[in-house]
Amino acid sequence: MHAKKHVAARRYRGLWRGWLWIGPAVLLEVIFFIYPLLNTLVMSFQNADETNFVGLKNYQMIFTNAAMLEVLKNNLFWLLFGTVLTVGLGLLVAVLVDQLKVESLVKSALFVPMAISFVGAGIIWRLVYIYQPAGDTQIGLLNALLALLKLPPQAWLINPNFNNYAMLLVYVWMWTGFCMVILSAGLKNIPDDIVDAARIDGANRLRMFWHITVPLLRPTLAVVSTTMIINILKIFDIVYVMTGGNYRTDVVALEFYNQLFTFNNYGLASALAILLFFTIAPIMYINIRRLRAEESLR
């Protein structure tokens, strides 16, 4: 009996010792994540000033209002083209410069934009895209080049036909280097004996790329792609700095900001935040599960 009490006391002390270590982290998680999440979820079912519950009205507005649908369409545009271009160009550059003498130089040059914040990059590229009416001196780099070629200047950030593409170019310029570095590291881990065997079998560069490089890089491609998807779903800084969401360039994160801080519509802003959360959370969950599965196989 005395031994059982001693064992129980040790377990009790061990339990409290464990909670003593993890307690602060759990408390911070509850205060800064769980409570704000639940509070935001509740507010998403309320009206603008949080005085009445309106059910799913805010979510209905997101998926039926013409302006909100354009916001969702812009996010899908960023999601599709941003992911494909950054990951695709990163993989292409990683394969092309692999084992070249200038490999480190090319990687360094492409990775430099990562050192710039989104706000800084937006300001830099706004100077590139500056537009002056035809006949005036063009101080923007692109329009100055068009003037040299005797072509009319373009309002790159105002014209809805290509302003989203102009901002997408900034994102691709910044993040292609990141994708390239990660994919290049995965490329270095491909066993040489597999590559040599493929060459002996007569595989050309294109067949080696599609049947060896891409399949063996699939886990790395998945990590890079999900990272880009999460980043793009939360895109805010570039659009805010370059157009402010005007000229049909608004995105979900920027619309959330405007609804909350400009229009004081807490209900709709909370619904947009919850929409972003439940879009990103499954992607992160799948990514974490895949990483754990890969670690268990090692």
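One structure accompanies this document, and this report is about it. Nothing here was measured: the structure is a model prediction, and the numbers come from that model.

Analysis parameters
Residues numbered from 1 in each chain as written. Predicted model: local features only at pLDDT ≥ 70, side-chain atom pairs only at ≥ 80, totals over all residues. Heavy atoms only, no water. Helix = DSSP H or I, 4+ residues; strand = E, 2+ residues; numbered from the N terminus. Rg over C-alpha atoms; globule rule 2.2 N^0.38 Å. Buried < 20%, exposed > 50% of the residue type's maximum accessible area, 1.4 Å probe, protein only. Contact = heavy atoms within 4.5 Å. Salt bridge = Lys/Arg side-chain N within 4 Å of Asp/Glu carboxyl O. Axes fitted to C-alpha atoms, helices over the stretch in contact; angles between N-to-C directions. Parallel < 35°, antiparallel > 145°, perpendicular 65-115°, else oblique. Left-handed = near helix turned anticlockwise from the far one by under 90°. Nonpolar A, V, L, I, M, F, W, Y, C, P; charged D, E, K, R; others polar. 1 Å grid on protein atoms, 1.4 Å probe; cavity = no way out; pocket = protein on both sides within 12 Å on 5 of 7 lines; lining within 4 Å. Points joined across faces, edges and corners; volume = space filled by probe spheres on them.

Let's shift gears to the overall build of the chain. Broken down by element type, the chain carries 13 helices and zero strands. Here the chain has a C-alpha radius of gyration of 25 Å; the compact-globule value for 298 residues is 19 Å, and the former is much larger. Here the chain holds 298 residues, and 36% of them are scored as buried. Across the chain, contacts joining residues at least 24 apart in sequence account for 67% of those joining residues at least 6 apart.

This next bit is on the pattern of salt bridges. Here the structure, examined in full by the defined rule, presents four salt bridges. We note a salt bridge from Glu70 to Arg248, for which the minimum N-O separation is 2.8 Å. Linking Glu70 in helix 3 (residues 66-97) with Arg248 in the loop between helix 11 (237-242) and helix 12 (252-262), this pair joins segments that are 178 residues apart in sequence. A salt bridge links Lys107 to Glu103, with the shortest nitrogen-to-oxygen separation between them at 2.7 Å. With Lys107 and Glu103 both in helix 4 (residues 103-111), this residue pair falls four residues apart, about one helical turn. The pair formed by Lys107 and Glu103 is uniform in burial state, with each residue classed as buried. The structure contains a network of salt bridges with shared partners spanning Asp98, Glu103, Lys107 and Lys188.

Our focus in this paragraph is the side chain of Ser44. Along the chain, Ser44 falls in the loop between helix 1 (2-43) and helix 2 (57-64). What Ser44 contacts, discounting residues up to four positions off in sequence, is Gly55, Asn58, Tyr59, Gly267, Ser270, Ala271 and Ile274.

Moving on: unusual backbone geometry. Positive phi values are uncommon outside glycine, yet Tyr247 reaches one of about 60°. Mapping Tyr247 onto the fold places it in the loop between helix 11 and helix 12. With a phi angle near 55°, Asn264 is a residue other than glycine that sits in the positive phi range. Within the secondary structure layout, Asn264 lies in the loop between helix 12 and helix 13 (266-297). Residue Asn264 is classed as partly exposed on the basis of its relative accessible area of 42%.

So, about the packing of helix 3 against helix 7 (residues 163-188). It is the contact of helix 3 with helix 7, at a shortest axis distance of 7 Å, that shows an interaxial angle of 40°. For the element pair helix 3 / helix 7, the angle class is oblique. The crossing of helix 3 and helix 7 is right-handed. Looking at the contact of helix 3 with helix 7 residue by residue, the classes come out as 20 nonpolar, seven polar and no charged.

A few words now on the environment of Leu276. Take Leu276: it is sitting in helix 13. Looking at Leu276, the relative accessible area reads 15%, which means it is buried. Between the alpha carbons of Leu276 and Ala253 there is a distance of 7.8 Å; along the sequence they are 23 residues apart. Residue contacts for Leu276: discarding those within four places in its chain leaves Leu233, Val252 and Ala253.

The subject of this paragraph is the layout of surface pockets. Here the largest pocket is characterised by a volume of approximately 650 Å³. Residue contributions to the lining of the largest pocket peak at six residues, all from helix 9 (residues 205-216). Of the residues contributing to the lining of the largest pocket, the split by class is 11 nonpolar, two polar and six charged. Roughly 410 Å³ of volume is contained in the second largest pocket. Along its surface, the second largest pocket is lined by 18 residues, and Leu37, Ala273, Ile274, Leu276 and Phe277 are the ones closest to its centre.

Functional significance is not addressed by these values, which are geometric in nature.
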